[in-house]
Amino acid sequence: MIALTIHHRTTYLYHRPVQLGPHRLMLRPRESRDLRLISSDLIIAPAATVSWAHDVFGNAVATASFARPTDRLVIDSMTTLELSADAWPVFDIAAAAISYPFRYGDDDWTDLGALAAQQYADPEGRLKAWARAFVRGETTDTLALLKDLGAGVARAVAYQSREVEGTQAPLETLALGWGSCRDFAVLFVEAARALGFGARLISGYLYNPDRDLAGSTDAGSTHAWAEVFVPGAGWITFDPTNRSMGGRNLIPVAVARDIRQATPVAGSFVGMTDAFRGLWVDVSVRPLATAPPGGPATPPAAAGTG
């Protein structure tokens, strides 16, 4: 078990005052057996009225509403938590699902619904054919297949941080041969769905104390990965960016069918077309004992996510 502190600061600057629309914030980590929240604070300037709700996936969503025009918006999320996921997890897969292909039970299939359907067009079946290449014979070990698929994504695509908004389509990522962590995750999930698995995308934070993992140049950053539902074991975590399985160094904030549903901060403003000056994002993920009080005090230096 390790205690971590996360400071996630988002800063919007405008050349002149604008009227901010409601902003949707997904910054509170998801509590589970492996993750216990100690504290979670949200500080917003200018002052905002904040309401909380859970979306269809059970993610905690805050909506911030603003009364007066402003030329600056700063959203500070500060979280302290305990992470206790196993470094080498063992999955108790149901006997009927140990070998692929297998059939989900009727209830599971109904509940998985859109999570088992591809979200990107694949009219010629190119993505499905690429995914099928990882199937070894008429039957294959289910967990080995998913591990091979994650490793295959990492072999086919080189990691490259991308600070612009949006996500590449899976076939585009394969054609380019490079992508960010969210592109890796989307490719993996779509390939798993093409093979008949129920899969979902995860947005959250990567804890990277040794600075040896892709997706972060510091001890931590925002990150995206995937989960696949396997009967008996439930949702199994895969991080194709780092060819890893299990959530030992991953802090989930939001689960989603589509990566666009897991955007940490989303909102709008009303003002002149040239009013927007820039967006900066600064993320720190550190052991509780070494974190500076109140988190980083320096101005944000980098925008975007992995």
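Data block above holds the structure.
These notes cover the structure that comes with them. A quick note: this is a predicted structure, and the numbers were derived from the prediction, not measured.

Rules used throughout
- Residues numbered from 1 in each chain as written.
- Predicted model: local features only at pLDDT ≥ 70, side-chain atom pairs only at ≥ 80, totals over all residues.
- Heavy atoms only, no water.
- Helix = DSSP H or I, 4+ residues; strand = E, 2+ residues; numbered from the N terminus.
- Buried < 20%, exposed > 50% of the residue type's maximum accessible area, 1.4 Å probe, protein only.
- Contact = heavy atoms within 4.5 Å.
- Areas by Shrake-Rupley, 256 points an atom, 1.4 Å probe, with all protein chains shown as cover.
- Lys, Arg positive; Asp, Glu negative; His and termini not counted.
- Charge placed at Lys NZ, Arg CZ, Asp CG, Glu CD.
- Salt bridge = Lys/Arg side-chain N within 4 Å of Asp/Glu carboxyl O.
- Polar contact = N/O pair within 3.5 Å; in protein donor to acceptor, adjacent residues only side chain to side chain.
- Phe/Tyr/Trp six-rings, centres within 6.5 Å; stacked < 30°, edge-to-face > 60°.
- Lys NZ or Arg CZ within 6 Å of the ring centre and 35° of its normal.
- Core = buried A, V, L, I, M, F, W, Y, C linked by side-chain atoms within 4.5 Å.
- Pairing = 2+ DSSP bridges.
- Expected span 1.5 Å × (residues − 1).
- 1 Å grid on protein atoms, 1.4 Å probe; cavity = no way out; pocket = protein on both sides within 12 Å on 5 of 7 lines; lining within 4 Å.
- Points joined across faces, edges and corners; volume = space filled by probe spheres on them.
- Nonpolar A, V, L, I, M, F, W, Y, C, P; charged D, E, K, R; others polar.

### Quick notes on the overall build of the protein chain
Thinking step 1. The secondary structure content of the protein chain amounts to five helices and 18 strands.
Thinking step 2. Dimensions of the protein chain, computed from the C-alpha atoms along their principal axes, are close to 65 × 45 × 35 Å.
Thinking step 3. Within the protein chain, buried positions represent 49% of all 306 residues.
Thinking step 4. Counted over contacts in the protein chain with a minimum sequence separation of 6, partners at least 24 positions apart contribute 73%.
Thinking step 5. As displayed, the protein chain offers around 14,600 Å² of accessible surface, 52% of which is attributable to carbon and sulfur atoms.
Thinking step 6. Averaging the coordinates of the 27 positive side-chain charges in the protein chain and doing the same for the 31 negative ones gives two points 4 Å apart.

### So, unusual backbone geometry
Thinking step 1. A45 connects to P46 through a cis peptide bond whose omega is 5°.
Thinking step 2. P101 follows Y100 through a cis peptide bond whose omega is 5°.
Thinking step 3. Structurally, P101 is set in the loop between β7 (99-100) and α1 (106-112).
Thinking step 4. Notably, R243 is not glycine yet its phi reads approximately 50°, a positive angle.

### Description of the side chain of D122
Thinking step 1. Here D122 is to be found in the loop between α1 and α2 (126-132).
Thinking step 2. One buried charged side chain, D122, makes no salt bridge at all; its nearest oppositely charged neighbour is R126, positioned 6.0 Å away.
Thinking step 3. From its side chain, D122 meets the backbone nitrogen of R126 in a polar contact 2.9 Å long.
Thinking step 4. Setting aside its immediate chain neighbours within four residues, D122 contacts L127, K128 and L171.

### Some thoughts on the packing of aromatic side chains
Thinking step 1. Taken as a whole, this structure holds eleven aromatic pairs when the rule is applied.
Thinking step 2. Here Y14 and F269 contribute two aromatic rings whose centre-to-centre distance is 5.0 Å and whose plane-to-plane angle is 65°, an arrangement assigned as edge-to-face. Of this pair, Y14 sits in strand β1 (residues 2-20) while F269 sits in strand β17 (residues 269-270), and the two are 255 residues apart along the sequence.
Thinking step 3. Of the residues examined, Y14 reaches a relative accessible area of 5% and is grouped as buried.
Thinking step 4. Look at F269 and you get partly exposed, because its relative accessible area is 28%.
Thinking step 5. Among the aromatic residues, those joined into a cluster by ring pairs are Y100, F102, Y104, W109, F197, F229 and W235.
Thinking step 6. Stacked on the ring of W235, the Lys or Arg R200 has its end atom at 4.0 Å from the ring centre.

### Focus: the nonpolar core
Thinking step 1. Ranked by internal contacts, the top residues of the largest apolar core, which has 39 residues, are W130, F188, F197 and V228.
Thinking step 2. The element best represented in this core is helix α5 (residues 181-194), accounting for nine residues.
Thinking step 3. Sequence-distant contacts of V228, that is, excluding residues within four places in its chain, are made with L146, F188, A192, F197, G198, A199, G234, W235, I236 and F238.
Thinking step 4. Counting residues in hydrophobic clusters, the runner-up holds 32 residues, among them L25, M26, L37 and L81.

### Some points on the sheet that holds strand β5 (residues 60-65)
Thinking step 1. If you trace the four strands from one edge of the open sheet to the other, you get β4-β5-β2-β16, paired in antiparallel fashion. Single-partner strands in this sheet number two, and they are β4 (49-54) and β16 (265-266).

### A word on helix α3 (residues 142-156)
Thinking step 1. Helix length check: α3, at 15 residues, gives a terminal C-alpha distance of 21 Å against a target of 21 Å (1.5 Å per residue), a fit within 8%.
Thinking step 2. Inspection of α3 places T142, L143, L145, L146, L149, G150, A151, G152, V153 and A154 among the buried residues, and these make up the whole buried set.
Thinking step 3. Here α3 starts with a cap whose side-chain oxygen sits 3.2 Å from the backbone nitrogen of L143, and that cap is D141.

### Focus: the layout of surface pockets
Thinking step 1. Each pocket or cavity is described by its volume, and for the second largest pocket that value is around 630 Å³.
Thinking step 2. If you trace the second largest pocket, you find 24 residues lining it, with S32, D34, E227, W235 and T237 closest to the centre.
Thinking step 3. Counting only elements with at least two residues in the lining of the second largest pocket, the list comes to β12 (220-230), β13 (234-239) and β15 (250-256).
Thinking step 4. In terms of residue class, the lining of the second largest pocket is built from 13 nonpolar, four polar and seven charged.

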